[in-house]
Amino acid sequence: MKLAQAKEYYELGVLTALFALKDPASAGWLLVIEGQEGRSWTLQTALGEPKVYATVDSLTKEVARIVGSVPDWTF
């Protein structure tokens, strides 16, 4: 899912949860987006690859771009 689509789905109320997940293939983090009916996606780059964030801080800033505020993460 691209960032613009994630913003649109959030505004429409389709998204039910956002998760930070440690990427098993790298030292980074993935943003997992969960929608209604149990569907889930990872945020993707312009090339369609999973977008990997080097830090939780950079992932948090991306979430703020989607939902308009900084989330309070629970680990």
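Cut-offs and rules
- Residues numbered from 1 in each chain as written.
- Predicted model: local features only at pLDDT ≥ 70, side-chain atom pairs only at ≥ 80, totals over all residues.
- Heavy atoms only, no water.
- Salt bridge = Lys/Arg side-chain N within 4 Å of Asp/Glu carboxyl O.
- Helix = DSSP H or I, 4+ residues; strand = E, 2+ residues; numbered from the N terminus.
- Buried < 20%, exposed > 50% of the residue type's maximum accessible area, 1.4 Å probe, protein only.
- Pairing = 2+ DSSP bridges.

Novice: How would you sum up the pattern of salt bridges? Please name residues and give values.
Specialist: In total, this model carries 3 salt bridges according to the counting rule given. The salt bridge involving Arg-65 is made with Glu-62; its shortest N-O contact spans 2.6 Å. A residue pair is termed a helical-turn pair when its members lie 3 or 4 positions apart in one helix, as Arg-65 and Glu-62 do in helix 2 (residues 56-67) at 3 residues.

Novice: Can you lay out the pairing of strand 2 (residues 29-35) for me, pointing to particular residues and giving the numbers?
Specialist: Buried residues dominate strand 2, accounting for 6 of its 7 residues. When strand 1 (residues 15-22) meets strand 2, the two strands line up antiparallel, connected through 7 bridges. Paired with Ala-20 across the strands is Leu-31, a residue of strand 2. Linking two consecutive strands that pair antiparallel, namely strand 1 and strand 2, is a turn of 6 residues. As paired strands, strand 2 and strand 4 (residues 52-53) are joined by 2 bridges and run antiparallel to one another. Bridge pairing in strand 4 links Trp-29 to Tyr-53.

Interpretation in functional terms is not warranted from these geometric data alone.
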